[in-house]
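Here is what each chain is made of, one letter per residue.
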Amino acid sequence: MSSPKTIRWGILATGGIAVTFTKDLLVDPSTRGVKHIKHTVVAAASSSSRSRAEQFLKETGCPADAKAYGSYEELVKDPDIDIVYIATPHSHHYQNAMLCLDAGKNVLCEKAFTVNAAQARALADKAREKNLFLMEAVWTRYFPLSIYVREQITAGRIGPVARVFADNSMATNPEEAFHDGKHRLVNPDLAGGALLDLGIYSLTWIFQTLYLTQPENQRKPPKVLAALKNYSPTKAADETTTIVLSFPRPEEAGGEAHAIATTSLRVATTPGSEAAAPPGIRIQGPKGEIQVFPPAYRPTRTKIVLNDGTVEDKEWPQPGPGAGSGWYNGFGGGKNAEGEGHGMFWEADEAATALVEGRKEGKYESLAESIVIMDVMDEARKQGGLVYPEKIETTKYPTQL
Ligand SMILES: NC(=O)C1=CN([C@@H]2O[C@H](COP(=O)(O)OP(=O)(O)OC[C@H]3O[C@@H](n4cnc5c(N)ncnc54)[C@H](OP(=O)(O)O)[C@@H]3O)[C@@H](O)[C@H]2O)C=CC1
Ligand SMILES: O=C1OC[C@@H](O)[C@H](O)[C@H]1O
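Residues numbered from 1 in each chain as written. Chains lettered and ligands numbered in written order. Predicted model: local features only at pLDDT ≥ 70, side-chain atom pairs only at ≥ 80, totals over all residues. Heavy atoms only, no water.

Q: Give me the lowdown on the sheet that holds strand β12 (residues 288-292), citing residues and values where you can.
A: The mixed open sheet is built from eight strands, whose spatial order is β8-β9-β10-β7-β11-β12-β13-β14. Both edges of this open sheet fall to β8 (223-230) and β14 (311-315), since each of them pairs with a single strand only. Strand after strand, the sheet turns through a mean of 10 degrees between neighbouring axes, direction not considered. Looking at chain direction, strand β9 (residues 238-247) and strand β10 (residues 257-264) are connected through eight bridges and run antiparallel. Looking at the pairing, phenylalanine 247 lines up with alanine 257 of β10. Seen against the sheet, helix α6 (residues 144-154) touches β11 (281-285), β12, β13 (301-306) and β14 and runs at an angle of roughly 15 degrees to β13. Sheet strands in contact with helix α8 (residues 194-210) are β7 (163-169), β9, β10, β11 and β12, and its direction is about 155 degrees off that of β10. (Pairing = 2+ DSSP bridges. Helix = DSSP H or I, 4+ residues; strand = E, 2+ residues; numbered from the N terminus. Axes fitted to C-alpha atoms, helices over the stretch in contact; angles between N-to-C directions. Contact = heavy atoms within 4.5 Å.)

Q: Now, about the nonpolar core: what can you tell me, with residues and values included?
A: One finds Trp9, Ile11, Ile206, Ile243, Leu245 and Ile283 to be the most contacted residues of the largest nonpolar core, which totals 122 residues. The leading source of residues in this core is α8, at 11 residues. Leucine 245 has contacts with Leu203, Ile206, Pro222, Lys223, Val224, Ala257, His258, Ala259, Ala261 and Val376, leaving out every residue within four places of it along the chain. (Core = buried A, V, L, I, M, F, W, Y, C linked by side-chain atoms within 4.5 Å. Buried < 20%, exposed > 50% of the residue type's maximum accessible area, 1.4 Å probe, protein only.)

Q: Break down the sheet that holds strand β6 (residues 134-137) for me, with residues and values.
A: In spatial order, the strands read β3-β2-β1-β4-β5-β6; together these six strands make up an open sheet with parallel pairing. The two strands at the open ends of the sheet, each matched to only one other strand, are β3 (67-69) and β6. For this sheet, the mean inter-axis angle between neighbouring strands, taken without regard to orientation, is 30 degrees. Pairing geometry for strand β1 (residues 5-12) and strand β2 (residues 37-45), over eight bridges, is parallel. Its bridge partner lying in β2, isoleucine 11 is registered against alanine 44.

Q: Which residues make up the environment of tyrosine 72, and what values do they have?
A: With respect to the helices and strands, the residue tyrosine 72 is situated in helix α3 (residues 72-76). Residues tyrosine 72 and glutamate 393 lie 321 residues apart in sequence; the distance between their C-alpha atoms is 21 Å. Not counting the four nearest positions on each side in its chain, tyrosine 72 is found in contact with Leu12, Ala13, Ala45, Ser46, Ser47, Thr88, Asn96 and Leu99. Side chain to side chain, tyrosine 72 and serine 47 meet in a polar contact 3.4 Å long. (Polar contact = N/O pair within 3.5 Å; in protein donor to acceptor, adjacent residues only side chain to side chain.)

The structure is reproduced here in structure tokens:
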């Protein structure tokens, strides 16, 4: 076997998820059986200051010669970077990804990909024009657990998927946690709200089981019916959103399929102990169902329950040695089980593999699929009357945010 190819990353922004991702990136891929690539970080940039970028490089254990930049503009000019990971709030993804693509850089961009579908389309067009790789960083899609679930579906274990329930909700006690309205989860200037931040995972589970598992020529966008409740202090970020989806499908493939995506910052998928958690995701077919246990963004347990009495319970610990025991989840944090990594390395491996293979899109979520999902979120926001400030909804580039 030839020696592994090293992919050189630049990290754009130094907030919570940038720290978790970078620590994961620096875990040796061979510890999870990945032998054909390696990752290194050659630079990081902070829009706050160069010293913040320096501190970030130290905190995450990056190589001593990695460069620290005090602006994103300097980062994208660095000729030694193969791919940039964008870790700003969703409001900024469009402007930041355009900056990278314009400068000729491949991009892995955090979820939600953009604020709206028009921005996602414009990014996809720019990436194609420049012949660059572009992928939305929905890390959950790349977990071995997700690959297994999709394989069970395509192998016909539950028959054609007829219905999916998918919830990703967290009781955040928003008035206390986000009392000044500035936190990115409730701040309209940062495209705050449950839908774009958490609801994207409910939709991810629906799309990766009901849409991605279909032959490409049978993947049709769903009809959407949505109810959206605004978070009262800011009035312009959703607190709880519920979407009913109806996917057209040929009769021979099971006919129309339904799904319900729910998300909330007020109530939890798992009240109380994780051990007593109900399955937040249920994928149902005529022969039985596949259950996935919370949290929807980082599940570690599945259960197949079939009508014939079969029950298959499986645990999916993330491989070690891990990114450290503490991790960050947007408003607080959690702890990996002893010896576990966090799991963001799988999406990084896929992006690196695509670069090695010369692919311009991710294997498990094409740009077309990211755009259809953004279309669904646009429609839910339209039906619920949620509009963000024009400066973050616009496709005009550059726009000062
Ligand atoms: N995949 C996952 O599990 C998770 C993904 N995310 C996603 O990552 C993105 C970032 O979230 P998170 O890390 O929690 O956010 P943070 O607020 O912790 O960090 C965001 C960083 O973006 C930069 N930034 C640039 N402009 C602004 C601005 N106007 N306001 C705030 N920050 C700004 C700052 O870095 P600097 O000063 O260095 O430029 C800041 O530290 C979001 O899109 C979110 O959806 C978040 C949590 C988990
Ligand atoms: O992507 C995410 O996953 C975990 C959540 O806690 C966080 O808010 C979100 O951004």
